[in-house]
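# Reading the structure
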Amino acid sequence: MKQNRIGQIFLLAASLGALLTTSCTTKVAAADTNNNYDVPGMKPGIHLVSPLPAGDWTLATGDYANTRFSPLNKINTENVKNLHLIASHNDGIPHGFEGGPLFVNNTLYMIEPFPNDLVAFGFDKVGISKKWFYSPNPSNRAVGIACCDVVNRGGTYAGGKIVYNILDDYTVAVDANTGREIWRTKVGDPNLGETETMAPQIVKNIVFVGISGGELGVRGRLTALDLQSGKILWRAYNTGPDSDCLIGPDFKPFYKKDQGQNLGVSTWGPDQWKRGGAPVWGWISYDPGLNLIYYGTGNTGPWDEDERPGDNKWAITIWARDATTGQAKWAWQALPHAGWDYDQVAENVLFDMEWQGRMRKVLINTGKAGYAVLMDRETGELLSAEPFQPVTWSTGYDLKTGLPNMVANLETHRGKMITGICPSNVGAKNYEPDAFSPRTGLLYIPARNICMDKEDTPVNYIAGTPYVGAKVLNIKGPGGYQGELVAWDVAHAKKLWGIKEADLGLNSGVLATAGDIVFYGTMDNYFRAVDARDGKLLWETKLGSGLVSDPMTFLGPDGKQYIAVYAGIGGALGSVAFKSISEQDPYAALGAAAAEANIKNKTGPGGALYVFGY
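Heads up: these notes are all about the structure in this document. (Residues numbered from 1 in each chain as written. Predicted model: local features only at pLDDT ≥ 70, side-chain atom pairs only at ≥ 80, totals over all residues. Heavy atoms only, no water.)

## Section: the overall build of the protein chain
Of regular secondary structure, the protein chain possesses 4 helices and 39 strands. Overall size of the protein chain, expressed as C-alpha extent along the three principal axes, is 65 × 55 × 50 Å. Out of the 614 residues belonging to the protein chain, those deemed buried represent 67%. (Helix = DSSP H or I, 4+ residues; strand = E, 2+ residues; numbered from the N terminus. Buried < 20%, exposed > 50% of the residue type's maximum accessible area, 1.4 Å probe, protein only.)

Next up, the structure:
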């Protein structure tokens, strides 16, 4: 696909007993003497490491450890069949509704795609009523810049404020009671191809935000803001010299391949690091005991491998940093150099568990590359890496070197179409978050089985325009299905069971609860509840649009448990449902149109908030 076609695709896609939290800290389930956070029925050998959302839902990620597990069990396997619609709000914005609502002090907060309005609803047993409405009035300039639909992945509540990002590169703090804007801080520049789509994370009065734009040659980074004033405290870049990357004497990567000075410069061609991508647009985890944050970086820019010789650090990397200073503790580059668009921005789920005879502080990450990666989060050591969907680009990881065993004939270059690369650029899983249940020991993964053919093409860098250098065709993966909810046995590094979707990939986040239920959505409009132990379908309902969002749960003022979710198709994969994207052009939407050619027959745009109760 020629570069002007990719630019057109970008423009088309973008034009399309209650415990109630009253402070910036999530309420805590019962804690043991080791400062771990246990819940009844927890599987032996597992400990949680951060507070759980036991009443309100104040963080976009649910909890600091990104488990997306709720200790609420009033909705359970016996009564979930009685769920019914309690309330809804339809705003009709025809773009992807990613992320999910917040619930604080009997108020539901909904953040919309561009123009990124924030709506507060009072909640009671008879439904919801609008309390106030805040509009940030972002610049339309960002709409033509955004890579993969004008989405927003949610906000965070802390210190009486709702904090979230708006597409034209501002982070805003809004008074949670009145809707008054408290501060607004510029964190990027759309003229350089930068946009803001991620949900911020807030730790000890520090707001963490990244940047989007890996397909436009941005220079990825994490920015820390002061919660009270919005002042920028520090920035940690993902390319460039060590001083820019906040790499100092405490930086101790586990593997030799990641050790050395100024690798963010020396592993690139001359000045290529200045436009090398590696954005931060996913999720940020926090370990209160170690005071470390964890996050991943996105793809290299451009996709054309011939344009950028070297390992290209620190793209496609998991970072561990001091949450206060930003200084790097360790880093692991999951995939050096490659141009398959395998972002590593998926959430890092944190917990402690027994591994091969001893307790380890671990994180698990299921990224676009198709591997469930288990690591020691203190040191960055790779403990296991096994595929959770079909993978052809690699035969596995060498745990001694931390490097993948690459399949050489699937590396791409200019002038030749390479076929049968699995997963495709849309990933075996992308931003949509997993959920981990300490009661089952299972990680629930919203996965995709899509492969691709790819050919690299020459590309020139022009600030604020697509910088891809490839044409890509997505195809259905082996096995006759495109999506699968995977129940991953972390202790044994293998799939225990899966629920397959034949025609469309999965693009919804997952919620697990102490009622032993897993909630998730499909792109053809279904919202489902399945048994967390065996995957048996317990309940489903069909909504007004496809789901690319993250369900959440909370306790209402009546002491009952409720479930809330957005419906609204869109995002990178779901944008093929838009009328402006032609399914007749298999290269449209960065190649996704070929795999999702049937999506217009199954869903259509439309954004709404739904609340369910029993």
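## Quick look at the packing of aromatic side chains
Counting across every chain of the model gives 29 aromatic pairs. On the basis of an interplanar angle of 75° and a centroid distance of 5.8 Å, the ring pair of F97 and Y566 is categorised as edge-to-face. One end of the pair, F97, is in the loop between strand 3 (84-90) and strand 4 (102-104); the other, Y566, is in strand 38 (residues 561-567), and 469 residues separate them in sequence. Exposure remark for F97: the relative accessible area of 1% places this residue in the buried category. With centroids separated by 5.6 Å and ring planes inclined at 45°, the aromatic side chains of W340 and Y342 adopt a geometry described as tilted. Each of the two residues, W340 as well as Y342, counts as buried. The rings of W332, W340, Y342, Y371, W393 and Y397 are connected pair by pair, giving a single aromatic cluster. The ring of Y481 is capped by K500, whose NZ or CZ atom sits 4.8 Å from the centre of that ring. (Phe/Tyr/Trp six-rings, centres within 6.5 Å; stacked < 30°, edge-to-face > 60°. Lys NZ or Arg CZ within 6 Å of the ring centre and 35° of its normal.)

## As for the pattern of salt bridges
Evaluation of the coordinates by the stated rule reveals 28 salt bridges. With a shortest N-O distance of 2.9 Å, R360 and E381 are connected by a salt bridge. Highlighted residues: R360 in strand 21 (residues 358-366) and E381 in the loop between strand 22 (371-376) and strand 23 (382-387), separated in sequence by 21 residues. Between D516 and R439 there is a salt bridge whose closest N-O contact spans 2.8 Å. Here D516, found in the loop between strand 33 (511-513) and strand 34 (517-521), pairs with R439, found in the loop between strand 27 (435-437) and strand 28 (442-448); they are 77 residues apart in sequence, far enough to count as distant. The class of D516 is buried, set by a relative accessible area of 11%. Connected through salt bridges with shared partners, the residues D287, D352, K361 and R377 form a single ionic network. (Salt bridge = Lys/Arg side-chain N within 4 Å of Asp/Glu carboxyl O.)

## Brief notes about the sheet that holds strand 23
What the 5 strands build is an open sheet, ordered 1-20-21-22-23; its pairing is antiparallel. Every other strand in the sheet has two partners, leaving strand 1 (46-47) and strand 23 as the edge strands with one partner each. Pairing analysis gives 2 bridges linking strand 1 to strand 20 (residues 348-355), with the strands arranged antiparallel. In the strand pairing of strand 20, I46 is matched with M353. (Pairing = 2+ DSSP bridges.)

## Considerations on the pairing of strand 25 (residues 403-406)
Relative to strand 25, strand 24 (residues 394-398) is paired through 3 bridges, and the arrangement is antiparallel. Its bridge partner being in strand 25, S394 is matched across the sheet by M406. From the end of strand 24 to the start of strand 25, which pair antiparallel, there are 4 residues, and G402 there has a positive phi angle of about 75°.

## A few points about the nonpolar core
Among the nonpolar cores identified, the biggest contains 49 residues, and Y109, L118, Y164, F519, F527 and F554 are the most heavily contacted of them. If one sorts the elements of this core by residue count, strand 38 sits on top with 6 residues. Setting aside its immediate chain neighbours within four residues, L118 contacts Y109, M110, I111, W132, F133, Y134, I162, Y164 and V174. Counting 41 residues, the second largest nonpolar core, distinct from the first, contains M353, I364, A493 and V518. (Core = buried A, V, L, I, M, F, W, Y, C linked by side-chain atoms within 4.5 Å. Contact = heavy atoms within 4.5 Å.)

## Some details on the state of the cysteines
Under the definition given, this model contains 2 disulfides. C147 shares a disulfide with C148; S-S distance 2.0 Å. Given a relative accessible area of 13%, C147 falls into the buried group. At a sulfur-sulfur separation of 2.0 Å, the disulfide partner of C422 is C451. A torsion of 100° about the S-S bond marks the disulfide between C422 and C451 as right-handed. Highlighted residues: C422 in the loop between strand 26 (418-421) and strand 27 and C451 in strand 29 (residues 450-456), separated in sequence by 29 residues. (Disulfide = S-S within 2.5 Å.)

## A look at the pairing of strand 29
Across the 7 residues that make up strand 29, a large majority, 7, are buried. On strand 29, burial covers both faces: I450, M452, K454 and D456 on one face and C451, D453 and E455 on the other are all buried. Summarising the sheet, strand 26 and strand 29 pair through 2 bridges and their orientation is antiparallel. Within strand 29, the residue paired with I421 across the bridge is M452.

## Considering the side chain of T300
Summarising the element assignment, T300 is placed in the loop between strand 17 (292-296) and strand 18 (317-322). A polar atom in the side chain of T300 sits 3.1 Å from the side chain of R308. A polar contact is formed between the side chain of T300 and the backbone oxygen of A338, at a distance of 3.4 Å. (Polar contact = N/O pair within 3.5 Å; in protein donor to acceptor, adjacent residues only side chain to side chain.)

## Quick word on the sheet that holds strand 15 (residues 232-237)
Strands sit in the order 12-13-14-15 across an open sheet of 4 strands; the sheet is antiparallel. Two strands in the sheet have a free side with no partner beyond their single neighbour: strand 12 (201-203) and strand 15. Geometrically, the sheet is characterised by an average inter-axis angle of 20° between neighbouring strands, direction not taken into account. In terms of strand pairing, strand 14 (residues 221-226) meets strand 15 through 5 bridges, oriented antiparallel. Across the sheet, residue A224 finds its bridge partner in strand 15, namely W234. (Axes fitted to C-alpha atoms, helices over the stretch in contact; angles between N-to-C directions.)

## Regarding the side chain of D550
Mapped onto the elements of the fold, D550 is located in the loop between strand 36 (537-542) and strand 37 (552-555). R68 provides the closest opposite charge to the buried, salt-bridge-free D550, at an N-O distance of 4.7 Å. One polar contact links the side chain of D550 to the main-chain amide nitrogen of G509, over a distance of 3.3 Å. Excluding residues that lie within four positions of it along the chain, D550 makes contacts with R68, G99, G100, W283, P433 and G509. (Lys, Arg positive; Asp, Glu negative; His and termini not counted.)

Geometry only, nothing functional implied.
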